[in-house]
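Overview (structure and organization)
Now for the letters of each chain:
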Amino acid sequence: MKIKTFSIGGIHPEENKLTHEVATQVAPLPKQAIFPLSQHIGAPATPVVQKGDKVKVGTLLAEAGGFVSAPIHSSVSGTVAKIDTAIDATGYRKPVIIIDVEGDEWEESIDRSETLELVKDHPELTPEEIVTRIKTAGVVGMGGACFPTFIKLTPPPTAKAECVIINAVECEPYITADYRLMMEHADEILVGLELLMKGAKVTKGYIGIETNKPAAIDLLTKKCAEAFATSEYQVEVVPLAQRYPQGGEKQLVDAVINRQVPAPPAIPVNVGAIVQNVGTAFAVYQAVMKHKPLFERYTTVTGKRLQNPGNYLVRMGTPMQTLIDLCGGMPEGDNKLLAGGPMMGKALTSTEVPICKGTNSVTILSGDDARRKEPQPCIRCAKCVGACPMGLEPYLLAKLSAFKNWERAESEDITSCIECGSCQFTCPAHRPLLDNIRQGKQTVMGIIRSRAAKK
């Protein structure tokens, strides 16, 4: 078995996969569900309901607010309490729809049976129909980026897709939601992959999995041999070395098909690859075959001092406090709450932040893990340069950002940063490299957009 990996940089953080073998449980319904209108990259969704409206599970709450946008559907049945603002994972108050939960009544159009639907049994599913159903269901990238999936399946005329790569790497420490999804719904994932390949009009597919998940590699290898034995589609399970950030789009393309994606605005399809998270493949299966909008997801709730960490199937809009209570409550002492993992997750100021489409984990760091060490002067050791998977110079980008030298920061390719945190993790001086770079990157991207608008 040949083990592949990407070619530049990377680190090896401690795994802490505390919930690796914990079977997924169904989280209880919240008393009140909160639906942010920005659960995706692009324009916020536009509400189509009003205060006092009755909704069911699967009811459309907000339609896409532009081309790069995605609709929002209710995960609960009840009454729209209000359209207001609330704090989301960004830490800012954003527009939301709040629903008082009353029972669990589903839209009749959703197929709730457990019968596995196969693509060969549905000749009506043309590539265009597949893309339309994915778009209507509000499916976005489930790995955290939340890019609307239908857009990836319809690349610009200047790019041609050759393959679909399923990102089943899950290289972030602590998170195990994707692993549990693979172990519990492998058949549905493979049908989802076939739908993605048919929608993208390609016949080659790959599933990239790190070698710390041998059971998933064996299971999906066996399932692929059975599912695609007589099919026109060719699917290969690719074992990948344990190396962070193996799950980054560009790193995954490099590892799996040995092609390097150029600097922005280039994307993976420019070198022939469409990358989708394993959770997205499952959501695509449900959207296309079961007419089920994206309103729930697999989420890990974890932390070293958490009493009962676990994996949950959670309805969107559920406050994180509900999940924390299921795991025994917040540990005593100092804690840091993250939406996501410790490398790329966002620190939160409230446990009432709702689960959204991109929330793959609720992570609680406690004690020393919750505290940052005092930063010291940079000693120019270049460890951050060696760790950067994009071949950048993080110490320089952080300095340029701190001194607001935006022109130089742009020329040094700050927009190529994938914000993986490898530089900050490896820095012996505990410099806040990623913090500065992230702020600088946002500013530079704003300048670029403004410049383009003027042209």
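The structure displayed is predicted, hence computed values, not measured ones.

All right, on to the overall build of the protein then. Across its full length, the protein holds 13 helices and 17 strands. Here the protein has a C-alpha radius of gyration of 21 Å; the compact-globule value for 455 residues is 23 Å, and the two agree. Projecting the C-alpha coordinates of the protein onto the three principal axes gives extents of approximately 65 × 50 × 50 Å. In the protein, which comprises 455 residues, the share counted as buried stands at 54%. Considering only residue pairs separated by 6 or more positions, the protein has 73% of its internal contacts joining residues 24 or more positions apart. When the accessible surface of the protein is totalled, it reaches about 20,000 Å², and 51% of it is carbon and sulfur.

Between Tyr 244 and the following residue, Pro 245, the backbone shows a cis peptide bond with an omega angle of 0 degrees. Inspection of the secondary structure assignment puts Pro 245 in the loop between strand S11 (234-240) and helix H6 (249-257). A positive phi is found at His 291, a non-glycine position, where the angle reads about 55 degrees. Within the fold, His 291 resides in the loop between helix H7 (278-290) and strand S13 (296-302). For His 291, a relative accessible area of 41% gives the class partly exposed. Located in the positive-phi region is Lys 404, a residue other than glycine, with phi close to 55 degrees. Its location among the elements puts Lys 404 in the loop between helix H10 (394-402) and helix H11 (406-411). Residue Lys 404 is classed as exposed on the basis of its relative accessible area, which comes to 58%.

The rules behind the values
- Residues numbered from 1 in each chain as written.
- Predicted model: local features only at pLDDT ≥ 70, side-chain atom pairs only at ≥ 80, totals over all residues.
- Heavy atoms only, no water.
- Helix = DSSP H or I, 4+ residues; strand = E, 2+ residues; numbered from the N terminus.
- Rg over C-alpha atoms; globule rule 2.2 N^0.38 Å.
- Buried < 20%, exposed > 50% of the residue type's maximum accessible area, 1.4 Å probe, protein only.
- Contact = heavy atoms within 4.5 Å.
- Areas by Shrake-Rupley, 256 points an atom, 1.4 Å probe, with all protein chains shown as cover.

The values reported here are purely geometric and, on their own, carry no functional implication.
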